[in-house]
Amino acid sequence: MVHPLLSAAGKRRPSVRASYLRFPSWTQPFWTRLTGKPLPYEQPLVCLPATLAMGLDVAMAVLVCMLHLTLLTAESTSLLLVGYALTPVFALYLTGALRKAQVVYGHHAIHGTLFKQRSRANTYSARGLTIFALSQNEAEYEEEHLDHHRRTIFTTLHDADAALLYACGVRPGEPLEKLKRALFVTLVSPRYHLWFLKARLMSNLRRPPIERALAAMWMALIFVVVPVQYGAAAACLAVWLPLTILYQMSALLQFATEHVWLTGDAPGTNAHAYAQRCHGRFCGERVPGTDGSSASARTWLAWWARTLCLHVPMRMAVLVGDLPAHDWHHLVAAVGHSTSGWPRAIYERQRAIDSGNSAGMEERELWGIGAMVHHVLLSMSRAPAQLNARHVQQEASPANSL
């Protein structure tokens, strides 16, 4: 039986999310969670309190890491092989958990919405989470991130994330292919990863004495105790790889696609210009055979391969938590919603669209990491070059991406 949303499309091509209705109805909550895009009027099956979800995610990260270390050092050959075979899954999971600690729970803690507004628990949580992920300390993060939200700074060279992209060679007015090459080179550059890691560790040591001592103890546990206990090879695969290289690749892909950067002056009071620099980012692509054509076995095989090897890893380790609906986070006041609804952000975004008061969010939806990168860099390539970059090196820091 054809779903009404597909039937209603008639001769029109269904939306990407609607194309997933080709699968049974009982699978739709899974596709919503994977893509980050709900169906119209869809409600979450379960929505845990943010603090409970945070505790579970941190605990699961530790347990999964311990399980991986145990498998990689098992005496049983079969268990050892399982540990090595599942290393990509374990690594992606831990990378995503560490990123989520920073860009979801830490992010909302510095906004004062992880716990009740003005609760000191937000500050304490931000401190603990930034130590746990070895990300930028909460004081520096708060200052730079709240600057990012200022409409006199948003997406300009004074925005720390934009300045970092500029420092990496991703600059407006350059040819599209050159921008893509600069992003890719940075993604795999040892210099970038060493600089990023050093910046993270140094930021963690720029804390008040008690916090600095806790951060130093956590670093000692990760970089000394774990390899002594489990061996350097196991520590590298189970802890260091997701904590360093994969974490930093995730950060670069996330903030490089987060907004349309460096395309002109700050939006200021121009609400339309502000909204145009925000977009939804979803992990998936159109399901074969939903545009009236027949799909071959080869087409389906390619689709499933991209889903499992590209879209699932992106959702696990890059666009974690509420990041697909990050445009809603910036436009929450424009659509008349409350920031306290962030644990249901992907559903709140869809609710705004369903209500007809969405600030145009439905017009700015990007599907797949390739489309996200292309959209942001194409906009930058069409923008005038920023000639006055005198303070870029001072502005550039790991900032929100950490």
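Residues numbered from 1 in each chain as written. Predicted model: local features only at pLDDT ≥ 70, side-chain atom pairs only at ≥ 80, totals over all residues. Heavy atoms only, no water.

Visitor: Could you clarify how one ought to interpret the packing of aromatic side chains in this entry?
Guide: The relative placement of two aromatic rings is captured by the distance of their centres and the angle of their planes. Using the criterion set out here, one finds 19 aromatic pairs in the structure. Consider the rings of Phe23 and Trp303, whose centres lie 5.7 Å apart with planes at 35°: the pair is tilted. Here Phe23, found in the loop between α2 (16–19) and α3 (28–35), pairs with Trp303, found in helix α16 (residues 297–317); they are 280 residues apart in sequence, far enough to count as distant. Of the two residues, Phe23 and Trp303, both sit in the buried class. One aromatic cluster is present, built from ring pairs that chain together Tyr20, Phe23, Phe30, Trp31, Trp300, Trp303 and Trp304. We note Arg99 situated over the ring of Tyr247; from NZ or CZ to the ring centre the distance is 4.9 Å. (Phe/Tyr/Trp six-rings, centres within 6.5 Å; stacked < 30°, edge-to-face > 60°. Helix = DSSP H or I, 4+ residues; strand = E, 2+ residues; numbered from the N terminus. Buried < 20%, exposed > 50% of the residue type's maximum accessible area, 1.4 Å probe, protein only. Lys NZ or Arg CZ within 6 Å of the ring centre and 35° of its normal.)

Visitor: Whenever I open this one, the pattern of salt bridges confuses me. Can you help?
Guide: A side chain of one charge can pair with a side chain of the opposite charge when the charged atoms of the two come close. For the coordinates displayed, the defined rule picks out 13 salt bridges. A salt bridge links Glu138 to Arg207; its shortest N-O distance comes to 2.8 Å. Note that Glu138 is positioned in helix α8 (residues 138–149) and Arg207 in the loop between α11 (190–205) and α12 (209–230), a separation of 69 residues in sequence. Across the pair, exposure class does not vary: Glu138 and Arg207 are buried alike. Across the pair Glu285 and Arg306 runs a salt bridge whose closest N-O atoms are separated by 2.7 Å. Residue Glu285 is found in the loop between β1 (280–282) and α16, and its partner Arg306 is found in helix α16; the two are separated by 21 residues along the sequence. Three or more residues are tied together by salt bridges with common partners; here these are Lys37, Asp327, Arg349 and Glu365. (Salt bridge = Lys/Arg side-chain N within 4 Å of Asp/Glu carboxyl O.)

Visitor: Would you explain a nonpolar patch on the surface in this entry?
Guide: A surface patch of nonpolar side chains, about 490 Å² in accessible area, is lined by Leu45, Val46, Leu48, Leu52 and Leu56. You can see Val46 is positioned in the loop between α3 and α4 (50–72). For Val46, a relative accessible area of 61% translates into the label exposed. (Patch = residues over 30% accessible without salt bridge, like charges linked within 9 Å, V, L, I, M, F, W, Y side chains within 5 Å. Areas by Shrake-Rupley, 256 points an atom, 1.4 Å probe, with all protein chains shown as cover.)

Visitor: Help me out: how do you make sense of the layout of surface pockets in this one?
Guide: Over the atoms rolls a probe the size of a water molecule, and in doing so it shows where empty space is left. The space that makes up the largest pocket amounts to roughly 890 Å³. The wall of the largest pocket is formed by 28 residues, among which Arg33, Asp57, Lys100, Tyr105 and Gly321 lie closest to the centre. Counting residues per element, the ones that place at least two in the lining of the largest pocket are α3, α4, α6 (87–110), α16 and α18 (345–355). Here the lining of the largest pocket is built from residues that sort into 20 nonpolar, 2 polar and 6 charged. (1 Å grid on protein atoms, 1.4 Å probe; cavity = no way out; pocket = protein on both sides within 12 Å on 5 of 7 lines; lining within 4 Å. Points joined across faces, edges and corners; volume = space filled by probe spheres on them. Nonpolar A, V, L, I, M, F, W, Y, C, P; charged D, E, K, R; others polar.)

Visitor: Is there a simple way to explain the side chain of Thr95 in this structure?
Guide: Here Thr95 lies in helix α6. Residue class for Thr95 comes out buried when judged on its relative accessible area of 1%. If we skip the residues at most four places from it in the chain, Thr95 touches Pro242, Leu246, Tyr247, Ser250 and Ala317. (Contact = heavy atoms within 4.5 Å.)

Visitor: Sorry, what's going on with the packing of α6 against helix α14 (residues 245–256) here?
Guide: Axes are the key here: two packed helices are described by the angle between their axes and the distance separating the axes. α14 packs onto α6 with a crossing angle of 55° between their chain directions and a minimal axis gap of 9 Å. It follows from the interaxial angle that α6 and α14 lie oblique. The chirality of how α6 crosses α14 is right-handed. For the pair α6 and α14, contact is made by Ala91, Thr95, Leu98, Arg99 and Gln102 and by Leu246, Tyr247, Ser250, Ala251 and Gln254, respectively. Tallied by class, the residues present in the contact of α6 with α14 amount to 5 nonpolar, 4 polar and 1 charged. (Axes fitted to C-alpha atoms, helices over the stretch in contact; angles between N-to-C directions. Parallel < 35°, antiparallel > 145°, perpendicular 65-115°, else oblique. Left-handed = near helix turned anticlockwise from the far one by under 90°.)

Visitor: Where do I start with unusual backbone geometry in this structure?
Guide: Trans peptide bonds make up the majority, and among non-glycine residues the majority have a negative phi. Non-glycine residue Tyr41 carries a positive phi angle of around 65°. Within the element layout of this structure, Tyr41 appears in the loop between α3 and α4. Residue Tyr41 is classed as exposed on the basis of its relative accessible area of 62%. Residues other than glycine seldom take positive phi values, yet Leu262 does so here, at roughly 50°. In this structure, Leu262 sits in the loop between α14 and α15 (271–276).

Visitor: Explain helix α7 (residues 120–132) to me, please; I cannot follow it from the model alone.
Guide: An α-helical turn contains 3.6 residues, so any two residues separated by three or four positions project in the same direction. Spanning 13 residues, α7 covers 19 Å between terminal C-alpha atoms, matching the ideal 18 Å at 1.5 Å per step. Within the sequence span of α7, burial applies to Asn122, Ser125, Ala126, Leu129, Thr130, Ile131 and Phe132. Of the surrounding secondary structure, the elements contacted by the buried residues of α7 are α4, α6, α8, α11 and α12. Leu134 lies just past α7 and shows a positive phi near 50°. (Expected span 1.5 Å × (residues − 1).)

Visitor: I would appreciate a short explanation of the packing of α4 against α6 in the present structure.
Guide: Interhelical geometry of α4 versus α6 gives an angle of 150° and a closest axis separation of 10 Å. Viewed along their axes, α4 and α6 adopt a mutual orientation that is roughly antiparallel. In the packing of α4 onto α6, the handedness of the crossing is left-handed. Here Ala50, Ala53, Met54, Asp57, Met60, Ala61, Val64, Cys65, Leu67, His68, Leu71 and Leu72 of α4 come into contact with α6, specifically with Thr87, Phe90, Tyr93, Leu94, Ala97, Lys100 and Tyr105.

So, to be careful, I would describe these as geometric facts and stop short of saying anything about function.
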